[in-house]
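What the coordinates show
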Amino acid sequence: MIAKARSISHGSISIDYITRMGMAEIVKLNHLPKDVEVGAWWAHMQAHQLKFQYKRSKHRPMKNFMIRIEISPAREETEGFTLGNWEKLAEDFIKAFDSIDLSKKTGRTSAAGTNIANSQYIVSLHRDSKSGIVHMHLDCNRIDMEGNVNDDHDIGIRATMAANEVTRQHGWVQAEQRSYENKERIALDCMNALEAMSSFSWDVYVHELTDKSYDLKLRYDSNGVVRGYTVRMGNSIYKSSELGKGRNLMPSKIESTWRNLHPLTSNENQPHSGQSNSPRHTVIPQPKVMPKAERPIYCLRKVDVDGHTYSIEIPEKALDTMKDEVTSFKVNDETADHIIDVALLLFASYIGAATSMSESCGGGGSSPSSGWGKDDEDDWEWAKRCAQMAHSMVTTPKPKIRRSRGR
């Protein structure tokens, strides 16, 4: 079983998603009314937050009022589960999650534990449309029923540790072993797909694996050549470089792998040594195959904010434009790195995370307005604008609070 967690600001949107506008299967409601519309649950959470606002007035204003958790057991681990079984699994996870002490790691006494069990939360079930694998979503109020804040520092690590503990309690296979087994299974299916092909074709390769309930995404360069791909299995995604032996399923090696599986077929048109008495045939030139439409090369960048890792895909040229813009700001290397990370988050529309990161770097610039977003512009101009906004957010110092002296 694996689990992911992060704190978010868009509570209403998240609840709409995990309940799929009231169409998902609700596993449990904690300290929330059952006889109301889906949209009212976030309103109840907000009312609870306002009730204890006085407790937080002396601290920096909170921006992320909700904890969002995704819990993904393997298919065989929950086969035959009833709604009651899912509820018990959610409660086991919450108990483990609350009990983990991260105070030494974070240097914060507040990270000694959380109190999700005594907080408002919603647990729902989602079923993957292709694989049919079921996973749980949990949206929880950051403010517990006693008015205290559920700590979100290194919350992603807390979720992983909780998942490992529940896995141990149930006698299931740990995530590392599960990942290894998944890669082995995918690699075997990939090799079977190659073996079934009379000639190598990316279209056939994708079709063969899609039939086995995998989801493949190919990455092309500007000439339409496949340079990378990922395979999604349930809720896990693996890169081609992680599969096979000696990375033999990577795009640069996969055709050679196919030829090794079809030695007779691949050698039919190879020239033979020695003279041949058979008459020579005139070779008719084939029409030149035009490359596919230009597709940008994408880079995958990861940015860590408040214990959560954000994976951001950005066109290589857009990233170069962003870096060039940051270079013109005349800041030191450390600040430049912070600006690029904030700009990447803005590029992917993770505005809350960008704001949180800029503040953790000492910045106090204004966050993007409610109308912030990509206009009718290409990725390069958008990347440049994100860099400019990130520069303002990171380098503008926080305003000093002037206290008046009493007479």
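In this report, the structure presented in the accompanying data block is examined. Residue indices follow the written sequence of each chain, beginning from 1 at its first position. With the structure being a predicted model, the display of local features is reserved for residues of pLDDT at least 70 and the display and counting of side-chain atom pairs for 80 or more, all residues being used for whole-chain, interface and lining totals. Only hydrogens and water are set aside; all other atoms, that is, all heavy atoms of the structure, feed into the side-chain values.

1. Concerning the overall build of the chain
Secondary structure elements are taken from DSSP: a helix is a run of H or I of four residues or more, a strand is a run of E of two residues or more, and numbering for both begins at the N terminus. In terms of regular secondary structure, the chain is built from 13 helices and 10 strands. By definition, residues are in contact when any of their heavy atoms lie within 4.5 Å. A separation threshold of at least 6 residues defines the contact pool for the chain, and within that pool the share at least 24 residues apart is 65%. In short, Shrake-Rupley with a 1.4 Å probe defines the accessible areas, and a residue's cover is counted only from the protein chains shown. Approximately 23,900 Å² of the chain is accessible, and the part contributed by carbon and sulfur atoms is 48%.

2. Topic: helix H7 (residues 202-210)
Each residue is placed in one exposure class: buried if its accessible area under a 1.4 Å probe, protein chains only, is under 20% of its type's maximum, exposed if it is over 50%, and partly exposed if it falls in between. Buried within H7 we find Trp202, Tyr205 and Leu209. All buried residues of H7 lie within an arc of 60 degrees about the axis, which places them on one face of the element. A side-chain oxygen of the first residue of H7 lies 3.3 Å from the backbone nitrogen of Asp203; this N-cap is Ser201. Note: the arc covers the axis-to-C-beta directions of the helix. Think of a polar contact as two N or O atoms within 3.5 Å of one another; within protein, one of them needs to be a possible hydrogen donor and the other a possible acceptor, and neighboring residues in sequence only count if both atoms come from side chains.

3. Considering the sheet that holds strand E8 (residues 236-239)
Sheet strands pair by backbone hydrogen bonding; their relative direction is either parallel or antiparallel. Strands qualify as paired when DSSP identifies two bridges or more between them. Taken in spatial order, the three strands make up an open sheet running E6-E7-E8, and their pairing is antiparallel. The outermost strands of the open sheet, each flanked by one partner alone, are strand E6 (215-220) and E8. Mean inter-strand twist for the sheet, computed between neighbouring axes without regard to direction, equals 20 degrees. With four bridges joining them, strand E7 (residues 226-233) and E8 adopt antiparallel strand pairing. From the neighbouring strand, Arg232 faces E8, where its bridge partner is Ile237. Between N-to-C directions, angles cover 0 to 180 degrees, with each direction set by a line fitted to C-alpha atoms, over the stretch in contact for helices. Packed onto the sheet, H7 meets E6 and E7 and runs at close to 155 degrees relative to E6.

4. A closer look at the packing of aromatic side chains
Note on aromatic pairs: each is described by the distance of the centres and the angle between the planes. Here is the rule: rings of Phe, Tyr and Trp (six-membered ring for Trp) pair when centre to centre is within 6.5 Å. Planes less than 30 degrees apart are stacked, more than 60 are edge-to-face, and the remainder are tilted. For the structure on display, the rule yields nine aromatic pairs. A centroid spacing of 5.7 Å and a plane angle of 80 degrees characterise the contact between Trp202 and Tyr205, whose relative ring orientation is edge-to-face. One end of the pair, Trp202, and the other, Tyr205, are both in helix H7, three residues apart, so they sit about a helical turn from each other. Centroid distance Tyr205 to Tyr229: 5.9 Å. Interplanar angle 80 degrees. Geometry classified as edge-to-face. Placement of Tyr205 in helix H7 and of Tyr229 in strand E7 is noted, with a sequence separation of 24 residues between them. Accessibility expressed as a relative area gives 0% for Tyr205, which makes it buried. Clustering of aromatic rings is evident, with ring pairs tying together Phe200, Trp202, Tyr205 and Tyr229. A ring is considered to have a charge above it if a Lys NZ or an Arg CZ atom is located within 6 Å of its centre and within 35 degrees of its normal. Between Arg158 and the ring centre of Phe97, over which it is positioned, the NZ or CZ distance is 5.7 Å.

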